[in-house]
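Tertiary structure, described
Read off the chains here:
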Amino acid sequence: MSKSLSQIYSEAIQTRNNYLQITELNSGLTNSKMSILNLITYVMSVLIHSYNVILDIFEIEIANIISTRINGTAQWYVIMATKFQYNNNTKNCDQLVFDEDTLKIKFNKVDTSHQIIAKAAYVDNDTKDGIILKVCKNNINSDEKNNGVNYMQLNSDELTAFKYYLSQIKFIGANIQVLSIPGDIITVKNCVVVYNDRYITEEQAFNNIKNALIKYTTTLDYNAFIYSQKIIDTIMSLDYIENINNIDIYINKYNLSLRKYDSAVKLTNIQHAYSGYIKFIDEKGESTIKNEYITFNKMSDSR
C-alpha cells in the first residue's frame, strides 16, 4: 500500500529543508503552499503519489495473473485430471490436439459425458521429488452405492487411457505416479454400546448405527484423513445411544503390487485414506458393520 499524499509531502518538505542552505527569513521554511518552493514540492509529491498508486495497481494485476497461471503445479494436474475424456466405444481417451493460440494440448471437442473422473487429489511421494495423483470415478455398482460407497477405481482400459493423457499434458521432468485402487475398508469390532432400551430395541440401535456409519462415508471429503474419534462421535451422536464402553476400529488398504488387500491394522487416531476414500464393505462385497461385532447393553441393566 503506497503512502498517502500528505505523508509524501511532509517527508519531502523535511528532506528538502535538511539539504537547503537557507535562513529563517527564507520562504523555504514557510508552511504556506503559496510559497514557490512548497508549490514545487507539492507538485512533485503528487507525481510521486500517482506513480506509487499505479505501481500498486500493477502489482495487484500481476499477482492475479500469477495466481491463475498454475500450469505445471500439483493442483493444476488435479484440475486437468477431472477434464480427462474417455470413449467407451474405442476404449481410448478422446482425440487430443495442439492449440496454436494457447500453445496447449487439449481435447479436440469438449464432451462432459466422456469426463469420467469424479474426484482427483494429490499427495507427495515418499522421496518428495514428485506427486502421487489419486483418481476415481463414480461408483456404478448399485449394491455398493446403496451402502455409501460413492466412488470406485478406474478399470484397466480407463487407467491406461488416463496415463496416456497425462503423458501428453505433463511438463518435461515432472514425476507423477497415478493411483486408482479400491477404497480403504473400515471395520468396527469389539464394540460395546449402551443404549436406552426404553425407546428403541437392540435391532433398531444396530440399524441406526449402520445407517449413520454409511452416511459418514458419503459426507467424507475425497482424500481426507480418517479420525477414529470421528467414527466414535458418529455413533455417539445417535439418539438413545448413551455410551460406548469399548471399540476397536480397523482399516485395510489395497496393495497394488500384490493385487489384494493388506492385513487390517488398528486405527488408533488418524490415518490418511490411502485410496482417497473409505467403505464399510469388504473385498467380498459384504458389509463390515456386523451385529456380531457389536455388543449391546441395555441402559436399564446398568442401573
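Our subject is the structure listed above.
Summary of the structure given here.

Thresholds applied
Residues numbered from 1 in each chain as written. Predicted model: local features only at pLDDT ≥ 70, side-chain atom pairs only at ≥ 80, totals over all residues. Heavy atoms only, no water. Axes fitted to C-alpha atoms, helices over the stretch in contact; angles between N-to-C directions. Helix = DSSP H or I, 4+ residues; strand = E, 2+ residues; numbered from the N terminus. Parallel < 35°, antiparallel > 145°, perpendicular 65-115°, else oblique. Left-handed = near helix turned anticlockwise from the far one by under 90°. Contact = heavy atoms within 4.5 Å. Pairing = 2+ DSSP bridges. Phe/Tyr/Trp six-rings, centres within 6.5 Å; stacked < 30°, edge-to-face > 60°. Buried < 20%, exposed > 50% of the residue type's maximum accessible area, 1.4 Å probe, protein only. Core = buried A, V, L, I, M, F, W, Y, C linked by side-chain atoms within 4.5 Å.

1. Observations concerning the packing of helix α3 (residues 74–82) against helix α5 (residues 156–169)
Interhelical geometry of α3 versus α5 gives an angle of 130° and a closest axis separation of 11 Å. Accordingly, the angle class assigned to the pair α3 and α5 is oblique. Taken as a pair, α3 and α5 cross one another with a handedness that is right-handed. Along the contact surface, α3 presents W76, Y77, M80 and A81, while α5 presents F162, Y165, L166 and I169.

2. Considerations on the pairing of strand β3 (residues 96–99)
As defined by bridge partners, β3 adjoins strand β4 (residues 104–107) across four bridges and the pair is classed as antiparallel. Along β4, the bridge assignment pairs D99 with K104. Between β3 and β4, which pair antiparallel and follow one another directly, the connecting turn spans four residues, one of which, L103, has a positive phi of 60°.

3. Thoughts on the packing of aromatic side chains
Within the structure shown, the criterion is met by twelve aromatic pairs. Between Y195 and F296, the aromatic rings sit 6.0 Å apart at their centres with planes inclined by 80°, giving edge-to-face as the arrangement. Of this pair, Y195 sits in strand β9 (residues 184–195) while F296 sits in strand β17 (residues 294–298); the two residues are 101 residues apart in sequence, bridging distant segments of the chain. A relative accessible area of 2% means that Y195 is categorised as buried. Ring centres 5.3 Å apart and planes at 85° place the aromatic pair Y254 and Y261 in the edge-to-face group. Like Y261, Y254 is buried. Through a chain of ring-to-ring contacts, the aromatic side chains of F84, Y86, F107, F162 and Y165 assemble into a single cluster.

4. What to know about the environment of F206
Counting through the fold element by element, F206 comes out in helix α6 (residues 202–219). Along the primary structure F206 and V265 are separated by 59 residues, whereas in three dimensions their C-alpha atoms are 24 Å apart. Apart from residues lying up to four places away in sequence, F206 is in contact with I289, K290, N291, I294 and F296.

5. Description of the nonpolar core
Among the nonpolar cores identified, the biggest contains 32 residues, and I209 and I226 are the most heavily contacted of them. At seven residues, the largest contribution of residues to this core is made by α6. Beyond its immediate stretch of four places on either side in the chain, I209 contacts V193, I235, L238, I241, I294 and F296. Core analysis: the second largest hydrophobic core is formed by 25 residues, M80, F107, L154 and L166 among them.

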